[in-house]
Amino acid sequence: MKLYRNKYLWTAVFYMWLSILVILTSMSFSDKMIQEQNDGLRWDYLQHFFLYLLIPVFFFFAEGAFLKNLIKQNYKIFLLGLLFASLTELQQLFISSRTYNSIDLALNIGGYIIGIPFGKILANRLKKSKIKF
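Because the structure is predicted, anything quoted here is derived from the model rather than measured.

A.B. asks: What is the right way to look at the confidence of the model for the chain in this model?
C.D. replies: Any residue range with low pLDDT should be treated as having predicted coordinates unsuitable for detailed reading. When pLDDT is averaged along the chain, the result is 83; 84% of the residues meet or exceed 70. Of all helices and strands in the chain, the one with the weakest mean pLDDT is helix H3 (residues 67-70) (72), whereas helix H1 (residues 7-26) scores best (92).

A.B. asks: What am I meant to see in helix H5 (residues 102-128) here?
C.D. replies: Note that an α-helix has 3.6 residues per turn; residues three or four places apart therefore point the same way. Counted at 1.5 Å a residue, the expected span for H5 with its 27 residues is 39 Å, and the 39 Å between its end C-alpha atoms agrees. Along H5, the sharpest change in direction is near 35 degrees and occurs at Gly-115; proline Pro-117 comes one to four residues later. Residues Asp-104, Leu-105, Asn-108, Gly-111, Tyr-112, Gly-115, Gly-119 and Ala-123 constitute the buried set of H5. The secondary structure elements touched by the buried residues of H5 are helix H2 (43-61) and helix H4 (74-90). Residue Asn-101 occupies the N-cap position of H5, its side-chain oxygen lying 2.9 Å from the main-chain nitrogen of Ile-103.

A.B. asks: Help me out: how do you make sense of the environment of Ile-114 in this one?
C.D. replies: With respect to the helices and strands, Ile-114 occurs in helix H5. Look at Ile-114 and you get partly exposed, because its relative accessible area is 46%. For Ile-114 and Leu-54, which are 60 residues apart along the polypeptide, the C-alpha to C-alpha distance reads 9.7 Å.

A.B. asks: How should I be thinking about the nonpolar core in this particular structure?
C.D. replies: When a protein is soluble and globular, its nonpolar side chains tend to lie buried together. One finds Phe-14, Leu-21, Tyr-52, Ile-55, Phe-59 and Phe-84 to be the most contacted residues of the largest nonpolar core, which totals 21 residues. Those elements that provide at least two residues to this core are H1, H2, H4 and H5. Every residue in contact with Phe-14, bar those within four places of it in the chain, is listed here: Ile-55, Phe-58, Phe-59, Ala-65 and Leu-67.

A.B. asks: Explanation requested: the packing of aromatic side chains in the structure shown.
C.D. replies: Where two aromatic rings form a pair, the distance of their centres and the angle of their planes describe that pair. A full pass over the atoms with the stated rule returns nine aromatic pairs. Look at Trp-10 and Phe-58: their rings are 5.8 Å apart centre to centre, the planes differ by 25 degrees, and that puts the pair in the stacked class. Of the two residues, Trp-10 is situated in helix H1 and Phe-58 in helix H2; the sequence distance between them amounts to 48 residues. By the burial criterion, Trp-10 is buried, and Phe-58 matches it. Ring geometry for Tyr-52 versus Phe-84: centroids 6.4 Å apart, planes at 45 degrees, classification tilted. Taken together, the positions of Tyr-52 in helix H2 and Phe-84 in helix H4 put the pair 32 residues apart, joining distant regions of the chain. With relative accessibility at 2%, the residue Tyr-52 sits in the buried group. An aromatic cluster of at least three residues, connected via ring pairs, comprises Trp-10, Trp-17, Phe-58 and Phe-61.

Cut-offs used in this document
Numbers given to residues run from 1 along each chain, matching the order in which its sequence is written. In keeping with the predicted nature of the model, local features appear solely for residues at pLDDT of at least 70, side-chain atom pairs appear and are counted solely at 80 or more, and the whole-chain, interface and lining totals rest on all residues. Here the side-chain values reflect all heavy atoms present in the structure, with hydrogen atoms and water set aside. Per-residue confidence from the prediction method is given by pLDDT, with values spanning 0 to 100. Per the convention used, a helix needs a DSSP run of H or I reaching at least four residues, while a strand needs a run of E reaching at least two, with both numbered from the N terminus. Residue count minus one, scaled by 1.5 Å, sets the expected span of a helix. Two axes define the bend at a residue: one fitted to the seven residues ending there, one fitted to the seven starting there, and the bend is the angle between them. Relative accessible area decides the class of each residue, using a 1.4 Å probe on protein chains only: under 20% of the type maximum gives buried, over 50% gives exposed, and in between gives partly exposed. Contacts between residues were defined by any pair of non-hydrogen atoms, one from each residue, lying within 4.5 Å. Identification of polar contacts relies on pairs of N or O atoms within 3.5 Å, with a donor-acceptor requirement for protein atoms, meaning one able to donate a hydrogen and the other able to accept it, and with residues adjacent in sequence counted only if both atoms are side-chain atoms. Throughout this description, the term nonpolar core refers to a set of buried Ala, Val, Leu, Ile, Met, Phe, Trp, Tyr and Cys residues connected via side-chain atoms within 4.5 Å. For this analysis, a ring pair means two rings from Phe, Tyr or Trp (six-membered ring only for Trp) whose centres lie within 6.5 Å, classed as stacked if their planes differ by under 30 degrees, edge-to-face if by over 60, and tilted for the remaining angles.

Written out as structure tokens, the structure reads:
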């Protein structure tokens, strides 16, 4: 069995990744952990981008993660991903000690959108490769 071609393994990774993102964005932090905001480039901006870029990458590795059986139109899956990326940031409006940041929201969505062609190309190249695990 080729590990990187195992649809069931990548489906589990995909759903675990979504769960981890929901948990991380739902956590409330103490006042000691809150850092002062600055106007420059912050490390968490890159984190938002790359964490959400991995969603479509894992989706394509999982060959649809069984969502294509439930939702036939690709645009609905795309919209579902955009909704997830938006809601995980918007929920911070309702969590104490968390703050909503429109830049974080834009990076969530941007990472997700850029991850779609990146994940599709990467998954297709891995399918065609002759690497053995």
